[in-house]
Amino acid sequence: MSRLKSFLLLFLALFSATASVRVEELNEEFTEALLLRPLPDRKVLAHFHFRSSAPPSQRYGRHHRIFPKSIYQLVHKFQVREMELSFTQGRWNYERWGGFDPISSSNAKPPGVELWAEFDVPHDQVDDSWKNLTHALSGLFCASINFLERSTSYSAPHWSFGSASGKLRYGTLPREAVCTENLTPWLKLLPCRDKAGLSSLMDRPSIYRGYYHSQRLHLKSDESDASETSTGIVLEQILTVVLRPETFSEKALQPNWSLSSLFGRSVSGKCSLSSSSNVYVQFEQNLVSAGDKLREVSEASENAISVGEGFQDNPLFELSLLPKRVIRESGNFQKAGSILYEFSVEDSNEFKPFDLRLNWKTPVAWSSPQAPLQASRFLLGSGNERGAIAISMKSTRSTNNVEGTGGYDENECWLRVGIFQMVPWYVKVYYHTLKLFLDGKPQSSMENIEKILVSPSEDKVSTGVMELILRLPCSVHTAALTLEFDKGFLHIDEYPPDANQGFDIPSAVIHFADFVANMSLHENSLKQEPILSKLQEEVPVISYTEVLLVPLTTPDFSMPYNVITITCTVFALYFGSLLNALRRRVSEDEKLLSGKGARKAGPLMLMISKLTAKLRGKPQEPPELSDSGRSSSKYKLIAKVVLVAGVAAAWQFYFQ
């Protein structure tokens, strides 16, 4: 009986331990999703979204089955509250691909590497945590992120990134090259890597031949919060690619495409550790409106099905698979909302792969929604001494209808535009030269600046930062901002390997304080899907300007080579002559001089010496060297030593 009780107790203990492990696993979640969107310029946007979440370690422990261990250690080691890291190749085309939707506002990043992080440490430890974090990320993603550890490469924004705690740091590397060495560590953070699920579509040649490629990692943690409402760590891995279908035809306005034509492969099933694996096809608002207009003018408009109600009899396109559901965004009185078709890949396998295909039935043209102002940046002036930075903003009101804070009455409606500009220390900006032009006319900058914060650069210590919020009338068509600067001088050790190419000024960040980008999806069940809940979040409308290339005065890097060459030549002559003078034997000089004396003797003397040698029966001997010859050889030796010593003394005196 006692054995039976002990056996039951052991069974209950094992069952409770297994149940606790299952509870812990259930609190860890991983989802994957892919959103495909046709673009107006015959390209396709592919937006991968992977989300991993881990429960708070105070209640569920530190061991995880799905969440990547390296990210967990990173958060706890450096007390990271929120962080975003992006690797981008190419530049987002705001004019053709849009700038007023959640994807472009959150995932259109500047070229190179961009990193910002907010820490949960005292203010005096933020810089040290930032430096350690950059080194850890550099080793984790095989990149040069450790170059951001220098104070001349990062800044501390105050309000441009939504945090006013003073514990946020921001840095960029515009010239960082993005390649597969960065994508492979990024994929290793996924539970199935690129072996199964939607990540198996990430064929390297297909990804990197795109017009735009940005891989982003965003994490948010409240591990320091010991309350019951703590959600733990949430990691989002997002890959945004703009591809051109291989089935492109010059005759068709829009090319037909499929997953296999975009990525070179299809999906053979979902990741086994993923709780959901869906593919979405989105049609923008203007495209839906164009389809509705086409349906209205069609001869069979009575029997036609609208874009949002069906897909087989749609007048615009045809999908090869039956969608799981159709999600329609709520529009306004003027236009209908965008359309989302949802497909599930759970039923696909190796024998029946998921290969969605889109065929266009009729040519159609549309435009993507754009931000209120389209910003660009360029340089003014010439020469290697001074210049100016100009930020130009052009209104998109004629091509895009966005609703702001009211009508376009100049006396009642105002447009608030925020600008964040970080400038290296060797570009010495004079912030008092700030000039503002509205519709080509100069304006008083203080009347149109709502708030400004300037942190001038310090040579070889810190970068220059300018944060300002402009207050522009809604009726403005063009606005321009100029700042004058002088070009500094660098030490020869501070120049990059290719200094003649120029020096990069990071992209300026333009944000519109009165506008947010989101999708209005009213179904409560849609919030369970992470990608759909992400599209419904209100995110600020943000755009990035171009990276400026500033030519600075560069020295003649061939001069050090010339100096090294002539120095080595002089030293070779010096030591060679000195060693020759010290190591040469006097007897060798006498033999040499005797040989020269014999050659200088006349033929009569040579005949007499030969005759005498025959009469004596002895070999012929050369004529003896006179004492004057021996003394001259000694004088020459002394002269060589004195000459070499004089050259050495002159060389030492010249370089002192």
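Provided above is the structure to which this section pertains.
The following paragraphs examine the structure supplied in this document. What you see is a predicted model; the values in this text were computed from it and never measured.

1. With respect to unusual backbone geometry
Next, step 1: A positive phi is found at C142, a non-glycine position, where the angle reads about 55°.
Next, step 2: Positionally, C142 belongs in the loop between helix 6 (126–141) and strand 5 (154–155).
Next, step 3: The residue K460 is not glycine, and still its phi comes out positive at about 60°.
Next, step 4: As for its position among the elements, K460 is in the loop between strand 20 (449–455) and strand 21 (464–473).
Next, step 5: Residue K460 is classed as partly exposed on the basis of its relative accessible area, which comes to 47%.

2. With respect to the packing of aromatic side chains
Next, step 1: For the structure on display, the rule yields 27 aromatic pairs.
Next, step 2: The interplanar angle of 65° and the centroid separation of 4.8 Å between the aromatic rings of Y574 and F575 together place this pair among those described as edge-to-face.
Next, step 3: On the basis of relative accessible area, Y574 is assigned to the partly exposed category, the value being 22%.
Next, step 4: A relative accessible area of 41% means that F575 is categorised as partly exposed.
Next, step 5: Following the ring pairs from residue to residue traces out a cluster consisting of F30, F48, F50, W186 and F263.
Next, step 6: Cation over ring: K43 sits above Y211, and NZ or CZ is 4.5 Å from the ring centre.
Next, step 7: Across the ring face of W159, the terminal group of K451 is positioned such that the distance to the ring centre comes to 4.3 Å.

3. Details of helix 3 (residues 69–78)
Next, step 1: Those residues of helix 3 that sit buried are I71, Y72, L74, V75 and F78. Along the axis of helix 3, the buried positions cluster into a sector of 165°, meaning they face one direction only. Projecting away from the buried face of helix 3 at angles above 90 degrees are the exposed residues K69 and K77.
Next, step 2: On its buried face, helix 3 is in contact with helix 2 (57–60), strand 3 (80–89), strand 4 (112–119), helix 6, strand 7 (212–221) and strand 8 (233–243).
Next, step 3: Just past helix 3, the residue Q79 takes up positive phi, approximately 55°.

About the criteria used
- Residues numbered from 1 in each chain as written.
- Predicted model: local features only at pLDDT ≥ 70, side-chain atom pairs only at ≥ 80, totals over all residues.
- Heavy atoms only, no water.
- Helix = DSSP H or I, 4+ residues; strand = E, 2+ residues; numbered from the N terminus.
- Buried < 20%, exposed > 50% of the residue type's maximum accessible area, 1.4 Å probe, protein only.
- Phe/Tyr/Trp six-rings, centres within 6.5 Å; stacked < 30°, edge-to-face > 60°.
- Lys NZ or Arg CZ within 6 Å of the ring centre and 35° of its normal.
- Arc of directions from axis to C-beta.
- Contact = heavy atoms within 4.5 Å.

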